[in-house]
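Chain and residue survey
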Amino acid sequence: MKFELTEPGKQFSNSELTLDLIRVANLLNKKSVTLKEYQKYGNYSYQTQKKRFGSWQKALETAGLEKSKRPWGGDLSETRIPMTQLIADMQSVAKELDKKAITIAEYEKHGQFGSSAISKRFGGWNKAKMAAGLKIGRLYNSTDEDYFENILDVWQTLGRQPKYQEMVTPLSRLNISSYERKFGSWRSALESFIEYVNKKDDAEIAEPNVLMETSETLFSLDIPPKNKKPKKRTNRTANLRQRFRVMKRDNFSCVLCGSSPVYKPGCELHIDHIVPWSHGGETVEDNLRTLCSDCNLGRSNKE
Ligand SMILES: [Zn+2]
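Rules and cut-offs
Residues numbered from 1 in each chain as written. Predicted model: local features only at pLDDT ≥ 70, side-chain atom pairs only at ≥ 80, totals over all residues. Heavy atoms only, no water. Phe/Tyr/Trp six-rings, centres within 6.5 Å; stacked < 30°, edge-to-face > 60°. Helix = DSSP H or I, 4+ residues; strand = E, 2+ residues; numbered from the N terminus. Buried < 20%, exposed > 50% of the residue type's maximum accessible area, 1.4 Å probe, protein only. Donors = N, O, S within 2.8 Å, 3.2 Å for Na, K, Ca; no water. Expected span 1.5 Å × (residues − 1). Arc of directions from axis to C-beta. Contact = heavy atoms within 4.5 Å. Axes fitted to C-alpha atoms, helices over the stretch in contact; angles between N-to-C directions. Parallel < 35°, antiparallel > 145°, perpendicular 65-115°, else oblique. Left-handed = near helix turned anticlockwise from the far one by under 90°. Nonpolar A, V, L, I, M, F, W, Y, C, P; charged D, E, K, R; others polar. Salt bridge = Lys/Arg side-chain N within 4 Å of Asp/Glu carboxyl O. Core = buried A, V, L, I, M, F, W, Y, C linked by side-chain atoms within 4.5 Å. Polar contact = N/O pair within 3.5 Å; in protein donor to acceptor, adjacent residues only side chain to side chain.

One pass over the full model with this rule turns up 13 aromatic pairs. Ring geometry for Tyr147 against Tyr179: centres 5.1 Å apart, planes inclined by 85 degrees, an arrangement best described as edge-to-face. Note that Tyr147 is positioned in helix H10 (residues 144-158) and Tyr179 in helix H11 (residues 176-183), a separation of 32 residues in sequence. Taking the relative accessible area as the measure of exposure, Tyr147 reaches 7% and is therefore buried. Given the relative accessible area of 0%, Tyr179 is considered buried. Ring geometry for Tyr147 and Phe183: centres 5.8 Å apart, planes at 80 degrees, overall edge-to-face. Of the two residues, Tyr147 sits in helix H10 while Phe183 sits in helix H11, which places them 36 residues apart along the sequence. The residues Tyr147 and Phe183 share a single accessibility class, namely buried.

Here's what the structure looks like:
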């Protein structure tokens, strides 16, 4: 596959955008740039930067700048952001994480605004979630996805399907009895998990060229990406089922050096885009691979 810096319909290249961001940082003599500052001093709109790199944080990261926890620059300016924009951002974080509910911690990590500013605006985090149409419940372990996420973590550490007696701390964050309460038995918890990861993603359904007919073809997809520009881009982050399927395909080990948490305690597996998302690579299993954190970070530095 061939990449061009300037794609049809794009008036400026990624590097032009990145250089402009660096220019603003130098101008302000700062290690990070807020959206507000860029709006004032940048040559392009911050929306262009966000669209091109996936998010403001990624645009900063690409420019070698520090991520800012509050891209808008703090509570004061956040109070002027329309509620619809706050809601849209909460919804986009939920979509990115493939969850029906998001915790404050998750929002702080992935959201654009401060969770406290949002809570203040809506009169509480739960009220904000209600406004965003998200599920209300206990903040932790309230959704199936939380249970599945934990299964994935244990599975990844063991490199295989976890056994009943292995679902104990510190390997498992959740108690086996909570699985039994929720799913009836450990076996049916595993069955629900497998059913979940084998479900097709919205993105796969939306794009006929990556639609998979049967689960047998899941791991042997060999369709080259179409040249025409896709109507809608996939999420930047792989969701739980994609992460599981890619790691399973790669035997829960790094495809470059072979490291796995099974043989190397503390080894962390990451999901990496073969063609970077910022260069148009989609979040589809064909373009994803398992890397250990060392190989992943080593690669990122070179980019
Ligand atoms: Zn590695």
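Here the narrative resumes, following the displayed structure.
The protein atoms donating to the zinc ion are Cys254 (SG), Cys257 (SG), Cys292 (SG) and Cys295 (SG), with metal-donor distances spanning 2.3 Å. In the primary structure, the donors to the zinc ion are separated according to the pattern C-x2-C-x34-C-x2-C. In this pair, Cys254 sits in the loop between helix H14 (240-249) and strand S1 (269-273) while Cys292 sits in strand S2 (residues 288-292), placing the two residues 38 residues apart along the sequence. Given a relative accessible area of 4%, Cys254 falls into the buried group. Given the relative accessible area of 2%, Cys292 is considered buried.

Compared with the 21 Å implied by 1.5 Å per residue over 15 residues, the 21 Å span of helix H6 (residues 83-97) between its first and last C-alpha is a close match. Turning to H6, its buried residues are Leu86, Ile87, Asp89, Met90, Val93, Ala94 and Leu97. End-on view of H6: buried residues confined to an arc of 160 degrees, all on one side of the axis. Summarising the contacts, the buried residues of H6 are in contact with helix H7 (104-110), helix H8 (115-122) and helix H9 (125-131).

Turning to the packing of H10 against H14, a few remarks are in order. Orientation of H10 relative to H14, taken along the N-to-C sense of each, is 15 degrees, at an axis distance of 11 Å. When the interaxial angle is binned, H10 and H14 end up roughly parallel. Two packed elements cross with a definite hand, and for H10 against H14 that hand is left-handed. Seen from H10, the contacting residues are Glu145, Phe148, Glu149, Leu152, Trp155 and Gln156; seen from H14, they are Leu240, Arg243, Phe244, Met247 and Lys248. Counted by class, the contact of H10 with H14 contains six nonpolar, one polar and four charged residues.

Attention now goes to the pattern of salt bridges. Side chains that carry opposite charge are capable of pairing whenever their charged atoms lie near each other. Tallied over the entire structure, the rule returns 17 salt bridges. Between Glu282 and Arg233 there is a salt bridge, with its nearest N and O atoms 3.1 Å apart. Highlighted residues: Glu282 in the loop between S1 and S2 and Arg233 in the loop between helix H13 (202-206) and H14, separated in sequence by 49 residues. What makes Arg233 partly exposed here is its relative accessible area of 32%. In this structure, Arg249 engages Asp250 in a salt bridge whose closest nitrogen and oxygen atoms are separated by 3.0 Å.

Next up on the list: the nonpolar core. Judged by nonpolar contacts, the single largest core of 28 residues is most densely connected at Phe148, Ile151, Trp155, Tyr179, Trp186, Phe193 and Phe244. Elements with a minimum of two residues in this core: H10, H11, helix H12 (186-198), H14 and S2. A per-element tally of this core places H10 first, with seven residues. In this view, Trp155 contacts Arg160, Gln161, Pro162, Leu190, Phe193, Ile194, Phe244, Lys248 and Phe252; residues no more than four positions away in its chain are not counted.

Take unusual backbone geometry next. Positive phi outside glycine occurs at Asn29, with the angle close to 55 degrees. Along the chain, Asn29 falls in the loop between helix H1 (14-28) and helix H2 (35-41). The exposed category is assigned to Asn29, whose relative accessible area is 70%. Unusually for a residue other than glycine, Asp98 sits at a positive phi of about 60 degrees. One can find Asp98 in the loop between H6 and H7.

Before going further, it helps to examine the side chain of Gln49. When you line up the elements, Gln49 lands in helix H3 (residues 46-53). Assessed through its relative accessible area of 0%, Gln49 is described here as buried. A polar side-chain atom of Gln49 sits 2.9 Å from the main-chain carbonyl oxygen of Leu17. If we ignore the near neighbours within four places in the chain, the residues touching Gln49 are Leu17, Leu21, Tyr38, Trp56 and Ala59.

Everything listed is a geometric property; what it means functionally is a separate question.
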